[in-house]
Amino acid sequence: MNDSHAGPGDGDGLPGAAPDTGYRALMWGPARVTGMPPRRLLVEGVVLGAAVSGLITGSGVAGALTGHQTPALVAGIVIALGAAAYLFFTNAGRVLLVAVALLGAVLSWWVPRATVEAALAERGETRSVVVTEVHTHRYEGRNYVKNSCTVQLPDGTPVTAQAWRGCGLSTAPGDHLSMVFDPDGVFEPTDRVLPGSAMAVGWRPGALGLLLAGICCVAVVRSQPQP
């Protein structure tokens, strides 16, 4: 005879979430979503994800624009760890909260650098500089030698940033190199190879920010089993 009463673990075919237990619940959260998640958890997840990604991105951009990239990095990491701690106390899966912390830290490191590259790609001006001094850096453990160059403009104005990419082992004082300068003077000049546009720089950290927001949302949705 068929039993018409489903047990507590037989809700996979019904909308909502069935509680999960054991190692899987610890790693991924106690809810096993089988339909549309509860609206309250969905809204909470979207708000948390948007806030975390937005705050980390905003602090990184502000740090780059003001020349305070290290405080921006620290602020972003604190935000990411704060989000992970919140998820921990809401019983979110350990894999998901660790992913939030790691991705948040990477985004905190990436955004200021991407901001500088995007700005220089859009408005940077390439100028010739003159090498005044060559510095040799020896990496004994890797049997590797790299030069960096102190440079100045042709009129004798010192350049605060050193040239690295264009400063080869054969470079000598008096040689001319090319560097990209910010006409507004917000960012230091660089001799790195820059992308062709701000869009070419920004889509990768933007995608990472969306991924971070999505994982925050999934972590919240899976954090609480539903009856």
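Residues numbered from 1 in each chain as written. Predicted model: local features only at pLDDT ≥ 70, side-chain atom pairs only at ≥ 80, totals over all residues. Heavy atoms only, no water.

Points about the state of the cysteines
The tally for this structure, following the rule as stated, stands at 1 disulfide. The closest cysteine sulfur to the non-disulfide-bonded Cys216 is located on Cys217, 8.7 Å from its own sulfur. Relative accessible area serves as the criterion here: at 0%, Cys216 is assigned to the buried category. (Disulfide = S-S within 2.5 Å. Buried < 20%, exposed > 50% of the residue type's maximum accessible area, 1.4 Å probe, protein only.)

Things to note about the pattern of salt bridges
When charged atoms on two side chains of opposite charge get close, those side chains can pair. Inspection of every chain in the model, using the stated rule, returns 5 salt bridges. Of the charged contacts in the structure, one is a salt bridge between Arg192 and Glu117, with a shortest N-O distance of 3.8 Å. Pair noted here: Arg192 is in the loop between β5 (176–181) and α5 (198–221) and Glu117 is in helix α4 (residues 94–123), with a separation of 75 residues, a long-range link. Taking relative accessible area as the criterion, Arg192 reaches 40% and is therefore assigned partly exposed. (Salt bridge = Lys/Arg side-chain N within 4 Å of Asp/Glu carboxyl O. Helix = DSSP H or I, 4+ residues; strand = E, 2+ residues; numbered from the N terminus.)

Here we look at unusual backbone geometry
Despite not being glycine, Asn91 shows a phi value in the positive range, around 70°. Summarising the element assignment, Asn91 is placed in the loop between α3 (69–89) and α4.

Comments concerning the environment of Val129
Within the secondary structure, Val129 is located in strand β3 (residues 125–139). Residues Val129 and Thr157 lie 28 residues apart in sequence; the distance between their C-alpha atoms is 9.6 Å. In this structure, Val129 is in contact with Val151, Gln152, Leu153, Val159, Asp175, His176, Leu177, Met179 and Phe181, ignoring residues within four places of it in sequence. (Contact = heavy atoms within 4.5 Å.)

Here's the deal with the nonpolar core
Formed by 20 residues in total, the largest nonpolar core has its most connected members in Val52, Leu87, Val100 and Leu212. Those elements giving two or more residues to this core turn out to be α2 (39–66), α3, α4 and α5. Apart from residues lying up to four places away in sequence, Leu87 is in contact with Leu48, Ala92, Leu97, Val100, Cys216, Ala219 and Val220. Core analysis: the second largest hydrophobic core is formed by 12 residues, Val151, Ala163, Cys167 and Leu177 among them. (Core = buried A, V, L, I, M, F, W, Y, C linked by side-chain atoms within 4.5 Å.)

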